[in-house]
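# Residue-level structural notes
Listed below, chain by chain, are the residues.
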Amino acid sequence: MKRILLPTLAGALVLFAIVGPCITPGDPLAQNIVARFAPVGTPGHLLGTDNFGRDVLARIAAGAQVELFTALASTVIALTLGVLIGVTAAYTRGLTEGVLMRGVDVMLSIPPLILALLVVAALGPSVPTLIGVLALLFTPGFARVAYGQTLSVRSRPFIQAALIFGAPRMSIIRGQILPNIIAPLLAQASLTIASAILVGSGLGFLGLGIRPPLPSWGGMVADGQRYLATHPMLMIVPGLFVVTTILTFSVLGDTLRELWDPRERRGR
Amino acid sequence: MSDHIHSARPAGGKLLAVRGLNIAFGDKKIVKDLSFDITPGETLAIVGESGSGKSVTALSLLGLLGPRASVTGSIGFQGEELVPYDFDRLTRLRGNEVSIIFQEPMAALNPVYKIGQQLAGVIRNHLKLSPAEARERAMELLRKVKLPMPEIKYDQFPFELSGGQLQRVMIAMAIACCPKLLIADEPTTALDVTVQARILDLLRELQAEMGMSILFITHDFGVVADIADRVLVMRHGEKVETGPVEELFSAPRESYTRMLLSAVPSLKGKDFLEKPAELADDSDIVLDMRDVGITFFGRRGETMKALDGVDIAIKRNEVVALVGESGSGKSTLGNVAAGLLRINRGQVAIDGIVRQGPGAGRHIHTPGVSMVFQDANGSLNPRMRIGASLRAALKWSRRYKPELDCSDDHIRQLLAEVGLAPELFNRFPHELSGGQKQRVGIARALSVKPSLVVADEPTSALDVSVQKTVLELFRRLQQQYGFACIFITHDLSLAASISNRLVVMNRGRIVEQGATAEVLANPADAYTRALLDSIPLPDPAVQRARRAEHYSVGGASYGSRA
């Protein structure tokens, strides 16, 4: 059940982010003061309109694109860097290991939100800056996981076997180690996507993420907050999307790990 | 707690009566319609291969199988029915009337508490004693199980004790309340033979003193012959046959029992005499080690000499068995030969390629060597199909030996050569049985046409019947290809059946070496003799005679290690 539902839901969210802006009626930026605060279910405005009369569904769709793109891009960058650092450190041992892993420890000791605020304040809010900051924040986590996993896989007999048959170092890393450490990294990646969305929305809420009027889910929650008493749906609708997306990607990791494992795939 | 001491086998009263026992996990039936009895003071051994349900049966007697198991039938203990389980009744029995010891004493003890604390804790759970009295009683028990220096060990943590000492602590815990039945689930399997012999002695003495019954689970017929009064042979969850130990060994009724007995490698066997001794002459030396030394450095600066001045030369077509107990350095020597460890001293030459210590890289690849591992499962990459694993080894080796063929057809042929179906080509390791995996390991080792094969306990994780077929395969291939071989084993009988030369190691040194038959017949070194004396032979009569002799010399003949 979980195996099918979650990837489907995640897929639907990604698909929505890609094609959503094309199929949803209305322009996310077009203001219409006359039609402001239309309730959910209004014909033509399925999820209603906001305080400027902009279509909420169209804004959600446009926001999804930015939100998911940022999260995925930063996660992929962090994963790549983290694996590079972790595997290199665990495989070479000695001085390189010390330098790399202590560097990771230093990075982990920086409070994430403060760093994000600092960089965004210095460089100004933009999508590339956001991706860069998020990638930087998530790299140490991946490096730690990759490092630990590589150390444990390295000591297993099949690595010794590869050494005895004269396998070159790169071949051992790519063919023997990577496939055996990827499962926990995938789980970590899905959690990272979820927290990237969370941090991205948080920054958007603080006005430091994606610059208005470009829609972001966090920004929409922030805007809707002002009308919480009279029009709660303006905050609830984008909030629900944030929650659903984070939940989906958090749990997706388990499913991906299971799908990757030949034991689980074939049954016993 | 009865005070009278039972004689070895009283007639009449039964302590435990199991009738029509069925145990299932989901739809999987593990034990089917099993019935057996244990009389007071008796030792019943349940023997079987892995998956026979012997351990599950033992655990079911104490209701330790967990909620997923469905247990039906009847377990009568002193006339009281235990099935269906009642938590209060089980709690009353556990530890007081029925106790259990396990295979891994290290895993059964809590690593963060001191030995004495754990033992005293168990005592106070069962008897109303003050902390001081519990300590007194714990100390008494530690002395009873002959733990050396009990006053010091009392305040030590489990990691500070050896495996044999930990098993003694477990036994002390188990007998704290003088149980009527002690369940011993492979209690000596993880121990060295000399230690095993002493633990078996201890159990026998305690039994005579306290008159308890023992249910002994094992796969080792030598141990059965040594300790059992009666034997129950199990297979696939069913009883195969049961009978007094002498009868079962001298006249087994069932063919399965006969097969198991014949699969046990025996020092008395004529195997090693039949081997052709067509050894190459001295010029054809494959491995030549001179004065090799390895020192490991501990965290607190202490040093451990894993290998200490080892000289050994192995010729083409020669099988050298390396025997010794854990920590003797036999695996270290194998790893050095395979190039997995660098040496601090001396030199190693393989096929004339010399490497010298100290220094050099962590791993030095020598094209002529390959290895068969103890952990067949761990030696195969779990993410790679069997065919891919074999192909990878061939591809790597082809950089040094361009003549190797790594086509799929050739790989299928390799599989066929070790008696595996070509369909296994596309399987993942977890889909194979232990024996099949080890066959793949052998196929991989031989695929690269090595001049030296290091086989590190290749069969010790396998059931006896599987072990026999894998050994036969290995021997056949060795004779066919004539590679030199280092066969590492802790099992002298196995060494006897496969090797031309026997090398006995102790504490990083070679203490004795020579033609296998000669060393076994006339061991020159005291350690070799102790090792030979400790092996329980699969013959109850012989075993009894040895035991009597051993007691008459006051137990001094056993090895020096505790």
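These numbers come from a predicted model, not from an experiment.

This part covers the domain arrangement of chain B. The assigned domain composition of chain B is domain 1 (109-178), domain 2 (283-368 + 450-534) and domain 3 (388-447). Taking the mean C-alpha position of each, domain 1 of chain B and domain 3 of chain B sit 50 Å from one another.

Right, let's talk about helix 17 (residues 464-481) of chain B for a bit. Residues and elements named next belong to chain B. Under the 1.5 Å per step criterion, the end-to-end length of helix 17 is 26 Å for 18 residues, consistent within 8% with the ideal 26 Å. Turning to helix 17, its buried residues are Val 464, Ser 465, Gln 467, Val 470, Leu 471, Leu 473, Phe 474, Leu 477 and Gln 478. Positioned one or two residues after helix 17, Gly 482 has a phi angle of 70°, which is positive.

Attention now goes to the nonpolar core. Residues and elements named next belong to chain B. Counting residues in hydrophobic clusters, the biggest one holds 126 residues, and the most contacted among them are Leu 287, Met 289, Ile 442, Leu 452, Phe 474 and Phe 487. Two domains each provide a minimum of three residues to this core, namely domain 2 (283-368 + 450-534) and domain 3 (388-447). Ala 120, Val 195, Val 224 and Ile 227 belong to the second-largest nonpolar core, a separate cluster that totals 58 residues.

Attention shifts here to the interface of chain A and chain B. The extent of an interface is frequently quoted as the accessible surface area lost upon association of the parts. Of the residues lining the interface, 29 residues belong to chain A; the matching set on chain B comes to 30 residues. Roughly 2400 Å² of surface becomes buried between chain A and chain B when both sides are summed, with 59% attributable to carbon and sulfur atoms. At the boundary of chain A with chain B, the tally comes to zero salt bridges. Our count for the contact surface shared by chain A and chain B stands at eight residue pairs in polar contact (both at pLDDT 80 or more). Contributing elements (two or more residues each) for the side of chain A that touches chain B: helix 2 (56-92), helix 6 (157-164), helix 7 (169-205) and helix 10 (262-266) of chain A. Broken down by element, the side of chain A that touches chain B gets its largest block of residues, seven residues, from helix 6 of chain A.

The sites that UniProt annotates as "domain: ABC transporter" (unreviewed entry) are residues 16-261 and 289-532 of chain B. Strand forms 26% of residues 16-261 of chain B and helix 40%; the C-alpha atoms that close the span are 27 Å apart.

All right, on to the pattern of salt bridges then. All names here are of chain B. Inspection of every chain in the model, using the stated rule, returns 23 salt bridges over all chains. Close ionic contact of Lys 144 with Glu 209 constitutes a salt bridge, the shortest N to O distance being 3.6 Å. Pair noted here: Lys 144 is in helix 5 (residues 131-144) and Glu 209 is in helix 8 (residues 193-210), with a separation of 65 residues, a long-range link. Lys 144 gets classed as partly exposed once you look at its relative accessible area, which sits at 27%. Between Arg 509 and Asp 308 there is a salt bridge, with the nearest N and O atoms lying 3.3 Å from each other. In this pair, Arg 509 is assigned in strand 20 (residues 509-515) and Asp 308 in strand 12 (residues 303-315), connecting sequence segments 201 residues apart. Salt bridges here are not isolated pairs; linked through shared partners, they connect Asp 291, Asp 308, Arg 345 and Arg 509.

On to a nonpolar patch on the surface. On the surface, Leu 15, Ile 18, Val 19 and Ile 23 of chain A cluster together into a nonpolar patch covering about 390 Å² of accessible area. Mapped onto the fold, Ile 18 of chain A is located in helix 1 (residues 2-23).

To characterise two packed helices, one gives the angle between the axes of the helices and the distance between these axes. Residues and elements named next belong to chain A. Two numbers describe how helix 7 lies on helix 9 (residues 233-260): the axes approach to 8 Å, and their chain directions differ by 175°. One finds that helix 7 runs roughly antiparallel with respect to helix 9. Contact residues: helix 7 offers Pro 179, Ile 182, Ala 183, Leu 186, Ala 187, Ser 190, Leu 191, Ile 193, Ala 194, Ile 197, Leu 198 and Ser 201, while helix 9 offers Val 242, Thr 245, Ile 246, Phe 249, Ser 250, Leu 252, Gly 253, Leu 256, Arg 257 and Trp 260. Along the lines of polarity and charge, the residues of the contact of helix 7 with helix 9 split into 16 nonpolar, five polar and one charged.

This part is about the sheet that holds strand 5 (residues 80-81) of chain B. All names here are of chain B. Strand order in this open sheet of four strands is 2-1-4-5, and the pairing throughout is antiparallel. The open sheet has two edge strands, strand 2 (28-38) and strand 5, and neither has a second partner. The pairing of strand 1 (residues 16-25) with strand 2 spans seven bridges and is antiparallel. Paired with Val 18 across the strands is Phe 36, a residue of strand 2.

Residues and elements named next belong to chain A. Between helix 3 (residues 94-108) and helix 5 (residues 127-154), the least distance of the axes is 9 Å, while the angle of their chain directions is 135°. With respect to helix 5, the element helix 3 is oriented oblique. Every pair of crossing elements has a handedness; the one defined by helix 3 and helix 5 is left-handed. Of the residues in helix 5, those in contact with Glu 97, Met 101, Val 104, Asp 105, Met 107 and Leu 108 of helix 3 are Leu 136, Thr 139, Pro 140, Ala 143, Arg 144 and Tyr 147.

Residue and element names in this part refer to chain A. If you trace the backbone, Ala 38 turns up in the loop between helix 1 and helix 2. Classification of Ala 38 as buried rests on a relative accessible area of 15%. Distance from Ala 38 to Val 56, taken between C-alpha atoms, is 9.6 Å for residues 18 residues apart in sequence. In contact with Ala 38, other than residues within four places in its own chain, are Gly 48 and Thr 49.

A regular strand places its side chains on the two faces of the sheet in alternate fashion. Residues and elements named next belong to chain B. Within strand 8 (residues 213-218), six of the six residues are buried, which leaves it mostly tucked inside the rest of the structure. By the alternation rule, side chains of strand 8 split into Ser 213, Leu 215 and Ile 217 and Ile 214, Phe 216 and Thr 218, which are all buried. With five bridges joining them, strand 7 (residues 181-185) and strand 8 adopt parallel strand pairing. The partner of Ala 184 across the bridge, within strand 8, is Phe 216. Where the polypeptide runs from strand 7 across helix 8 and back to strand 8, its parallel neighbour, the crossover connection is right-handed.

Residue and element names in this part refer to chain B. Pairing is mixed across the open sheet formed by six strands, whose spatial order is 16-17-18-13-19-20. Each edge of the open sheet carries a strand with a single partner, namely strand 16 (369-372) and strand 20. On average, each strand axis in the sheet is tilted by 20° relative to the strand beside it, whichever way the strands run. Bridging between strand 13 (residues 319-323) and strand 18 (residues 484-489) involves five bridges; their strand directions are parallel. For Leu 322, the partnering residue across the bridge sits in strand 18 and is Ile 488. Taken strand by strand, helix 16 (residues 434-447) contacts strand 16 and strand 17 (452-456), and its axis lies near 175° from that of strand 16.

Residues and elements named next belong to chain B. Using the criterion set out here, one finds five aromatic pairs over all chains in the structure. Plain terms: the ring middles of Phe 221 and Phe 249 are 5.9 Å apart, the flat faces sit at 80° to each other, and that makes the pair edge-to-face. Of the two residues, Phe 221 sits in helix 9 (residues 221-227) while Phe 249 sits in helix 10 (residues 245-250), which places them 28 residues apart along the sequence. With a relative accessible area of 2%, Phe 221 lands in the buried category. An aromatic cluster of at least three residues, connected via ring pairs, comprises Phe 474, Phe 483 and Phe 487.

About the cut-offs
- In this numbering scheme, every chain counts its residues from 1 along its sequence in written order.
- Written order decides the labels, with chains lettered from A and ligands numbered from 1.
- With the structure being a predicted model, the display of local features is reserved for residues of pLDDT at least 70 and the display and counting of side-chain atom pairs for 80 or more, all residues being used for whole-chain, interface and lining totals.
- Just so you know, side-chain values use all the structure's heavy atoms and leave hydrogens and water out.
- Reported domain spans reflect what an automatic or database domain assignment gives.
- A helix here means a DSSP run of H or I that spans at least four residues, while a strand means a run of E at least two residues long, and both kinds are numbered starting from the N terminus.
- For a helix, the expected span equals 1.5 Å multiplied by the number of residues minus one.
- Buried residues are those whose accessible area, probed at 1.4 Å on protein chains only, stays under 20% of the maximum for their type, while exposed residues exceed 50% and partly exposed ones sit between those limits.
- The set of buried Ala, Val, Leu, Ile, Met, Phe, Trp, Tyr and Cys residues whose side-chain atoms join them within 4.5 Å is what this entry labels a nonpolar core.
- Residue contacts are counted whenever heavy atoms from the two residues lie within 4.5 Å of one another.
- Using a 1.4 Å probe, buried area is obtained as the accessible area two parts lose upon being combined, added over both of them.
- Salt bridges, as used here, are contacts in which a Lys or Arg side-chain nitrogen is within 4 Å of a carboxyl oxygen on Asp or Glu.
- Polar contact is defined as a pair of N or O atoms within 3.5 Å, subject to the rule that within protein one atom must be able to donate a hydrogen and the other to accept it, and that residues adjacent in sequence are counted only when both atoms are side-chain atoms.
- UniProt positions are given in the numbering used here, feature names are shortened, and annotations may be inferred rather than shown by experiment.
- Patches in this entry comprise residues that are over 30% relatively accessible and not in a salt bridge; like charges within 9 Å are linked, as are nonpolar side chains (Val, Leu, Ile, Met, Phe, Trp, Tyr) within 5 Å.
- Surface accessibility in these figures is a Shrake-Rupley result with a 1.4 Å probe; residues are shielded only by whichever protein chains are displayed.
- The convention used is that axes are lines fitted to C-alpha atoms, helices contributing only their stretch in contact, and that angles between N-to-C directions extend from 0 to 180 degrees.
- These descriptions rest on fixed angle ranges, namely under 35 degrees for roughly parallel, over 145 for roughly antiparallel, 65 to 115 for roughly perpendicular, and the rest for oblique.
- Classification convention: Asp, Glu, Lys, Arg as charged; Ala, Val, Leu, Ile, Met, Phe, Trp, Tyr, Cys, Pro as nonpolar; all other residues, Gly among them, as polar.
- The rule for pairing is simple: two strands pair if DSSP sees at least two bridges between them.
- If you view the pair so one helix is near and one far, a crossing is left-handed when the near helix is turned anticlockwise from the far one by less than a right angle, and right-handed when it is turned clockwise.
- The path from the first strand over the helix to the second decides the hand: if it runs clockwise while the strands point away from the viewer, the crossover is right-handed.
- Any two of the Phe, Tyr and Trp rings considered here, Trp counted by its six-membered ring, make a pair once their centres fall within 6.5 Å; the pair's planes then place it as stacked at under 30 degrees, edge-to-face at over 60, or tilted in between.

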